[in-house]
Amino acid sequence: MGVWSQLAGQVFLDWLALPTGLRWIDIGCGSDAFTELLAQRCAPTGIQGIDPSEEQLVFARARSALHEATFQTGDAMALPFDANQFDAAVMALVLFFVPNPFKGVAELERVVRPGGIVTAYHWVATDNPLAPFRDELRALGVAVALPVSIDTTRLEALHGLWTGAGLEAVELREIEVQRTFADFDELWHSTMGISQVEDAVAQLSAGDAELLRARLRARLPADAQGRITYAARANAIKGRVPKAGKS
């Protein structure tokens, strides 16, 4: 998923068009795929990465390219920082995993200084990179679990979260990206590296696994050179912390 994430992340950061030299907090940074992109594209003075998984953060800390970043475990709904500590906050493909997204967005607003920016983007539930696999698995009787707060993928839901937190100058953006695989085997092996799909496929009999491959080949046809290209969509949002009335 890292390649998909970076494709969407590049469009997202271009849209934000923020100045260099900001201090960022990246909530749900995982193994740092977006954090690395943020460091490369935005030249921040610092990035604080937060994730609940220490195993993911061990990998992130080992990356020598991110000298400006520090990482620690934390809960998106109770960030371990005082108020007004950052210039910008981001959740990259994370908000729909937060059990209480209202509290998560309120925490973003709390730790960003007045005039700072609060941002997020995440995949659309019905049109994300795993949608073809998820739909075909469901047709074979195997469900792939959806994120806990999947309704937050809708633009109107995002807008309600940002305005409900008191953020101003709220803007929304749809992002579409596409990825080309050299052939079906590359697509298959790439997606089998994602644990939720791999675990679901493991529940299939050998015959059903072959049927899944056949259904996906039919759904995602190759071009004359054998390449397979398909698109995914994400929704993005940004808003400013009010300069007046925040202590």
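Heads up: these notes are all about the structure in this document. (Residues numbered from 1 in each chain as written. Predicted model: local features only at pLDDT ≥ 70, side-chain atom pairs only at ≥ 80, totals over all residues. Heavy atoms only, no water.)

Points about the packing of aromatic side chains
Note on aromatic pairs: each is described by the distance of the centres and the angle between the planes. On inspection of all chains with the given rule, the structure shows 11 aromatic pairs. Each ring, one from F12 and one from W15, has its centre 6.3 Å from the other, and the planes form 45 degrees; the classification is tilted. Residue F12 and its partner W15 are both found in helix α1 (residues 2–16); the two are separated by 3 residues, about one turn of the helix. With a centroid separation of 4.6 Å and an interplanar angle of 40 degrees, the aromatic rings of F12 and Y121 are classed as tilted. Here F12, found in helix α1, pairs with Y121, found in strand β5 (residues 112–123); they are 109 residues apart in sequence, far enough to count as distant. With relative accessibility at 0%, the residue F12 sits in the buried group. With relative accessibility at 1%, the residue Y121 sits in the buried group. Members of the aromatic cluster, connected to one another through ring pairs, are W4, W123, F181 and Y230. (Phe/Tyr/Trp six-rings, centres within 6.5 Å; stacked < 30°, edge-to-face > 60°. Helix = DSSP H or I, 4+ residues; strand = E, 2+ residues; numbered from the N terminus. Buried < 20%, exposed > 50% of the residue type's maximum accessible area, 1.4 Å probe, protein only.)

Focus on the environment of L37
With respect to the helices and strands, the residue L37 is situated in helix α2 (residues 33–42). Given a relative accessible area of 2%, L37 falls into the buried group. Expressed as a C-alpha distance, the spacing of L37 and H67, which sit 30 residues apart in the sequence, is 13 Å. Aside from chain neighbours lying at most four places away, what touches L37 is Q6, G9, Q10 and L13. (Contact = heavy atoms within 4.5 Å.)

Quick word on the pattern of salt bridges
Evaluation of the coordinates by the stated rule reveals 12 salt bridges. D135 serves as the salt-bridge partner of R134, at 3.2 Å between the closest nitrogen and oxygen. What makes R134 buried here is its relative accessible area of 10%. Of the charged contacts, one joins R154 and E156 as a salt bridge, the two residues approaching to 2.9 Å between their closest N and O atoms. Overall, the relative accessible area of 39% leaves R154 in the partly exposed class. (Salt bridge = Lys/Arg side-chain N within 4 Å of Asp/Glu carboxyl O.)

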